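# Observations on the model geometry
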Amino acid sequence: MSPTQDPKLPGSKYADNASPLGVALMSALILALLFVAIYSLSYGEISYDPLYTVFAVFAFTSVVDLTISLQEDGYVVGFMEFYTKEGEPYLRTAHGIFICYWDGTVHYLLYLAMAGAICRRKRYRNLGLYWLGSFVMSILVFLPGNILGKYSSEIRPAFFLTIPYMLVPCWAGMKIFSQSQAPTCCSPNMVQEEQRKGLWQRPTDLALIVYLILASLFTLFRGLVVLDCPTDTCFVYIYQYEPYLRDPVAYPKVQMLVYMFYVLPFYYLAVYALIFPGCSWLPDWALVFAGAIGQAQFSHMGASLHLRTPFTYRVPEDAWSCFFLCNLLYALGPHLLAYRCLRRPAFFLRPPPSGPLAHHKKQQ
């Protein structure tokens with residue numbers, strides 16, 4: 001979901017007469033009415049898991065975001081024009097359009113899956129962690145980009161409705177992380193055998209370590225590029241391969257800095273966890289960062305080529321192959337890491353107790 005999305009009413013009859021404050025108040029009213037309706041109709045699910053309310057409300061707003069993106073690309077006409085004009089004009093940027101696409105497709109499916117799991121009293125922890133990373137990443141980039149970029153003068157009262165969306169990930173994250181993990185089929189002997197293997201006996205982990213090192217260098221390099229590194233390599237890259245990094249909307253610059261200050265340390269920690277056994281935190285955080293980087297790369301790549309991005313900041317056609325290869329690999333790697341952690345988690349489990357204490361427990 002885009003971090004600033006709110007319920008919006010379709011229609012263009014009153015678009016010209018709508019004021020920014022009126023749009024904000026109407027959005028807040030619809031949000032409140034929707035919450036009351038969901039609470040009255042699904043009390044059993046909410047009492048079982050309060051996050052059901054979040055997923056139900058956000059599923060509705062995901063459809064609204066998809067409508068906005070389709071309208072901005074000309075596939076539908078007149079539904080949300082008054083809101084993007086008077087409520088959140090920065091949703092009309094290339095970056096705004098693609099976070100709406102992501103929210104209206106990927107987030108929407110995740111909301112349905114997680115709400116369905118709550119109805120069936122099933123686990124959804126892994127889906128929740130992936131959504132959490134994706135949602136937080138959109139907030140970390142979109143909100144600062146709105147404030148720092150060229151649309152900072154276009155901030156309207158509807159922007160302040162994003163305050164609840166900054167609090168939701170904190171609460172939802174604590175709820176999701178507090179859920180019990182799914183039981184594994186790894187016996188203590190399997191855990192010990194897997195953790196005794198050296199790195200050379202784990203070629204998949206070795207390949208992931210090589211990838212993470214290369215991705216770390218790429219992350220650091222693009223961070224230096226947006227910080228106006230004076231070297232010739234940075235100059236050539238930003239003008240011939242990713243000129244979108246110079247776009248005054250500020251979203252690409254904020255994105256690269258978020259990568260450098262948050263994703264880069266995670267890559268280093270992930271390398272450590274792939275070398276030394278027993279790092280039980282990696283499977284959860286690999287899912288979080290897979291969701292975060294998936295959302296970020298989708299928005300970044302789409303906005304780099306979209307017609308709403310000025311021509312001088314779009315990726316040149318002769319650099320498309322290099323641009324797609326680097327950015328697709330950058331998006332794919334964290335998903336492969338998360339899949340490896342979930343598929344064969346024995347290496348990351350805490351080692352079973354050994355010695356006299358374990359023998360005493362076995363006798364008991």
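Coordinates for the structure precede this section.
Residues numbered from 1 in each chain as written. Predicted model: local features only at pLDDT ≥ 70, side-chain atom pairs only at ≥ 80, totals over all residues. Heavy atoms only, no water.

In this section: the pattern of salt bridges. Within this structure, the stated rule accounts for 8 salt bridges. Between Asp-205 and Arg-340 there is a salt bridge whose closest N-O contact spans 2.5 Å. One end of the pair, Asp-205, is in helix H9 (residues 203-226); the other, Arg-340, is in helix H13 (residues 320-343), and 135 residues separate them in sequence. Across this residue pair, the class does not change: Asp-205 and Arg-340 are buried. Among the ionic pairs, Glu-242 bridges to Arg-222, the shortest N-O distance being 2.9 Å. Taken together, the residues Glu-242 in the loop between helix H10 (232-240) and helix H11 (251-275) and Arg-222 in helix H9 connect sequence positions 20 residues apart. Across the pair, Arg-222 and Glu-242 agree in class, each one buried. The network of salt bridges with common partners includes Glu-72, Arg-92 and Arg-308. (Salt bridge = Lys/Arg side-chain N within 4 Å of Asp/Glu carboxyl O. Helix = DSSP H or I, 4+ residues; strand = E, 2+ residues; numbered from the N terminus. Buried < 20%, exposed > 50% of the residue type's maximum accessible area, 1.4 Å probe, protein only.)

Let us look at the nonpolar core. Grouped together as the largest cluster of nonpolar side chains are 85 residues, with contacts concentrated most on Phe-55, Phe-58, Trp-131, Tyr-267 and Leu-282. Ranked by residue count, the leading element in this core is H11, at 12 residues. (Core = buried A, V, L, I, M, F, W, Y, C linked by side-chain atoms within 4.5 Å.)

Where helix H6 (residues 125-148) contacts helix H12 (residues 282-305), the axes come no closer than 7 Å and their chain directions differ by 45°. Classified by the angle their axes make, H6 and H12 are oblique. The two elements H6 and H12 meet at a crossing, and its hand is right-handed. Between H6, through Arg-125, Asn-126, Leu-129, Tyr-130, Gly-133, Ser-134, Met-137 and Ser-138, and H12, the contact on the second element is made entirely by Asp-284, Leu-287, Val-288, Ala-290, Gly-291, Ala-292, Gln-295 and Ala-296. Residues of the contact of H6 with H12, tallied by class, amount to 8 nonpolar, 6 polar and 2 charged. (Axes fitted to C-alpha atoms, helices over the stretch in contact; angles between N-to-C directions. Parallel < 35°, antiparallel > 145°, perpendicular 65-115°, else oblique. Left-handed = near helix turned anticlockwise from the far one by under 90°. Contact = heavy atoms within 4.5 Å. Nonpolar A, V, L, I, M, F, W, Y, C, P; charged D, E, K, R; others polar.)

Here we come to the packing of aromatic side chains. On inspection of all chains with the given rule, the structure shows 26 aromatic pairs. Measuring from ring centre to ring centre gives 6.3 Å for Phe-55 and Tyr-111, while their planes differ by 25°; the resulting arrangement is stacked. Of the two residues, Phe-55 sits in helix H3 (residues 51-72) while Tyr-111 sits in helix H5 (residues 94-119), which places them 56 residues apart along the sequence. Note on accessibility: Phe-55 and Tyr-111 belong to one class, buried. For the ring pair Tyr-272 and Phe-276, a centre distance of 4.8 Å and an interplane angle of 35° mean the geometry is tilted. Residue Phe-276 is classed as partly exposed on the basis of its relative accessible area of 42%. One aromatic cluster is present, built from ring pairs that chain together Phe-177, Phe-218, Phe-221, Tyr-237, Tyr-241, Tyr-259, Phe-266, Tyr-267, Trp-285, Phe-289 and Tyr-330. The positively charged end of Arg-202 is found above the aromatic ring belonging to Phe-347, 4.0 Å away from the centroid. Its guanidinium or amino end placed over the ring of Tyr-330, Arg-222 lies 5.3 Å from that ring's centre, counting from NZ or CZ. (Phe/Tyr/Trp six-rings, centres within 6.5 Å; stacked < 30°, edge-to-face > 60°. Lys NZ or Arg CZ within 6 Å of the ring centre and 35° of its normal.)

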